[in-house]
Amino acid sequence: MREFLRALRRGCALICPRCPEPLFTGPFRMHERCPGCGYLFEREQGYFVGAIYINYAITIIICLGGYLLTEIFLAPGLAAQLVIWGGLCILIPLFSFRYSRAIWLNADYYFNRKLSPDDDGE
């Protein structure tokens, strides 16, 4: 359990599963390989589809939960709710993009460490 929590922490910190190097060069651009240890991040086309599911789950939990809490405690009109939560449904995935990719990469490394490619990219 300790190693899994470590993988989640590394994902939330946006660092490589093997070493403390950053995963991203900009807001949406990820290194192809780790600059420190050479670990290959995207091994095949579609590798980060799982990250899309994580991003979607984060968005749904925040927006649906926020909508329900706002409806229960503040009861604004439907138009206000649609503007608020519709806008956040667009902004939240942009914010959580990097985190969902990093969490996916670190979780995959944790569960499939023996299947991960080596430094030569094989």
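Whatever comes next refers back to the structure up there.
Because the structure is predicted, anything quoted here is derived from the model rather than measured.

One finds C16, L23, M30, Y39, F41 and L105 to be the most contacted residues of the largest nonpolar core, which totals 15 residues. The element that contributes the greatest number of residues to this core is helix α3 (residues 78-111), accounting for three residues. Filtering out sequence-adjacent residues up to four positions away, C16 remains in contact with R10, E21, L23, C34, C37, Y39, F41 and N106.

Moving on to unusual backbone geometry. Phi angles above zero are rare outside glycine, and L14 is one such case at about 60°. With respect to the helices and strands, L14 occurs in the loop between α1 (2-12) and α2 (49-73). Residue classification places L14 among the buried residues on the basis of a relative accessible area of 10%. Positive phi, normally seen in glycine, also occurs at A75, with a value near 50°. In this fold, A75 is placed in the loop between α2 and α3.

About the cut-offs
- Sequence order as written defines the numbering, with residues in each chain counted from 1.
- The model is predicted, so local features are restricted to residues of pLDDT at least 70 and side-chain atom pairs to those at 80 or more, both for listing and for counting; the totals for chains, interfaces and linings are taken over all residues.
- Hydrogens and water are ignored here; the side-chain numbers use all heavy atoms of the structure.
- Here, nonpolar core means buried Ala, Val, Leu, Ile, Met, Phe, Trp, Tyr and Cys residues that are tied together by side-chain atoms lying within 4.5 Å of each other.
- Exposure is judged per residue with a 1.4 Å probe applied to protein chains only, and the accessible area is read against the type maximum: over 50% gives exposed, under 20% gives buried, and values in between give partly exposed.
- Helix and strand labels come from DSSP, where a helix needs a run of H or I of at least four residues and a strand needs a run of E of at least two; each type is numbered from the N terminus.
- Every residue pair with non-hydrogen atoms within 4.5 Å of one another is taken to be in contact.

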